[in-house]
Amino acid sequence: MFNVLGPLINPARPRGMVLGVAERELGSTFAHSLQEGGVQRAFVVCGAEGLDEISCAGDTHVWELNNGVVTERLVHPRDFGLHAHPLASVAGGTPGQNAETFKALLRSGSDIPERLTPVLEFVLLNAAALLVVAGIAEDLKDGVAKARESITSGKAWNALEQFRDAGLEAAKKAHAV
């Protein structure tokens, strides 16, 4: 239940977000709820397979909130300048395996192993949407280019390390009290 209601009652009151719903029927309702909650820019997404993310396998339904107006459209990986990949090619494994995949993706620079191409493109799809909503990218293809540069330059890995270090520091301070 919290997975459904949490984003709608977020106390941080974000101005923008990408929100996934697993059932297409919820898309419009969520987009209008975000609008009424003061969100200025959002993508509510539902992969055609019932995926609560932008799908790497094919079409994704998108309800875009922009300047108080909600519009519905379909996007496909080709709209991002990317290829479609079967969902099985991005399926996760154990937490340890997923961590290794994530590290390999973010630490490979421009030499990302070919076996990780589907995972990379899945990450790029969803990161591009976030960058568009945040106003950092002009469109989905620009978002892919910016996300790819962040990954291949090592900036994404560095940001993750900074986030981890800040969390560790906060935990130490909390335990010291």
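Residues numbered from 1 in each chain as written. Predicted model: local features only at pLDDT ≥ 70, side-chain atom pairs only at ≥ 80, totals over all residues. Heavy atoms only, no water.

## Remarks on the overall build of the protein
For the protein, the helix and strand inventory stands at 6 helices and 4 strands. Taken from N to C terminus, the helices and strands of the protein fall in the order α-β-α-β-β-β-α-α-α-α. Here the C-alpha atoms of the protein give a radius of gyration of 17 Å, agreeing with the 16 Å that 2.2 N^0.38 yields for 177 residues. Dimensions of the protein, computed from C-alpha atoms along their principal axes, come out at roughly 50 × 40 × 30 Å. Counting over 177 residues, the protein shows a buried share of 36%. Partitioning the intrachain contacts of the protein with sequence separation of at least 6 by distance along the chain shows that 54% fall at a separation of at least 24. Surface summary for the protein: the accessible area is close to 10,400 Å², and the carbon and sulfur share equals 55%. For the protein, the separation between the mean place of its 16 positive charges and that of its 21 negative charges on side chains is 7 Å. (Helix = DSSP H or I, 4+ residues; strand = E, 2+ residues; numbered from the N terminus. Rg over C-alpha atoms; globule rule 2.2 N^0.38 Å. Buried < 20%, exposed > 50% of the residue type's maximum accessible area, 1.4 Å probe, protein only. Contact = heavy atoms within 4.5 Å. Areas by Shrake-Rupley, 256 points an atom, 1.4 Å probe, with all protein chains shown as cover. Lys, Arg positive; Asp, Glu negative; His and termini not counted. Charge placed at Lys NZ, Arg CZ, Asp CG, Glu CD.)

## Overview of the environment of glycine 135
Its place among the elements puts glycine 135 in the loop between helix H4 (117–133) and helix H5 (140–153). Judged by relative accessible area, which is 59%, glycine 135 ranks as exposed. Between the C-alpha atom of glycine 135 and that of valine 21, which follows or precedes it by 114 residues, the distance is 22 Å.

## Here we look at the domain arrangement of the protein
Each assigned domain of the protein is listed here: domain 1 (1–75) and domain 2 (88–176). Computed over C-alpha atoms only, the centres of domain 1 and domain 2 are separated by 21 Å. Domain 1 puts 13 residues into the contact, and the matching count from domain 2 is 9 residues. Of the roughly 920 Å² buried between domain 1 and domain 2 on both sides combined, carbon and sulfur atoms contribute 77%. Counting every contact that joins domain 1 to domain 2 gives 0 salt bridges. Taken together, the links from domain 1 to domain 2 amount to 1 residue pair in polar contact (both at pLDDT 80 or more). At the level of secondary structure, the elements contributing two or more residues to the side of domain 1 that touches domain 2 comprise strand E1 (16–20), strand E2 (41–47) and strand E4 (69–75). (Domains from an automatic or database assignment. Buried area = accessible area lost by both parts, 1.4 Å probe. Salt bridge = Lys/Arg side-chain N within 4 Å of Asp/Glu carboxyl O. Polar contact = N/O pair within 3.5 Å; in protein donor to acceptor, adjacent residues only side chain to side chain.)

## With respect to helix H3 (residues 95–107)
The end-to-end C-alpha separation of H3 is 18 Å, in line with the 18 Å expected for 13 residues at 1.5 Å each. Once H3 finishes, glycine 109 follows within two positions and takes phi at roughly 65 degrees, a positive value. (Expected span 1.5 Å × (residues − 1).)

## Digging into the sheet that holds E1
On the basis of which strands lie adjacent, the open sheet formed by 4 strands has the order E1-E2-E3-E4 and mixed pairing. Strand pairing shows two members of the sheet lacking a second neighbour, E1 and E4, which therefore form its edges. Taken over all neighbouring pairs, the strand axes of this sheet differ in orientation by 15 degrees on average, direction set aside. In the sheet, strand E3 (residues 60–66) pairs with E4 via 7 bridges, with the strands oriented antiparallel. Looking at the pairing, asparagine 66 lines up with valine 69 of E4. Across the sheet, H4 lies against E1 and E2, angled at about 160 degrees from E2, the strand it touches most. (Pairing = 2+ DSSP bridges. Axes fitted to C-alpha atoms, helices over the stretch in contact; angles between N-to-C directions.)

## Looking at the pattern of salt bridges
With the rule as written, the count across this model stands at 7 salt bridges. Residue glutamate 100 pairs with lysine 103 through a salt bridge whose shortest N-O separation is 3.8 Å. Here lysine 103 and glutamate 100 lie together in helix H3, a separation of 3 residues that amounts to about one turn. In this structure, lysine 146 engages aspartate 142 in a salt bridge whose closest nitrogen and oxygen atoms are separated by 3.0 Å. With lysine 146 and aspartate 142 both in helix H5 and 4 residues apart, the pair spans about one turn of that helix.

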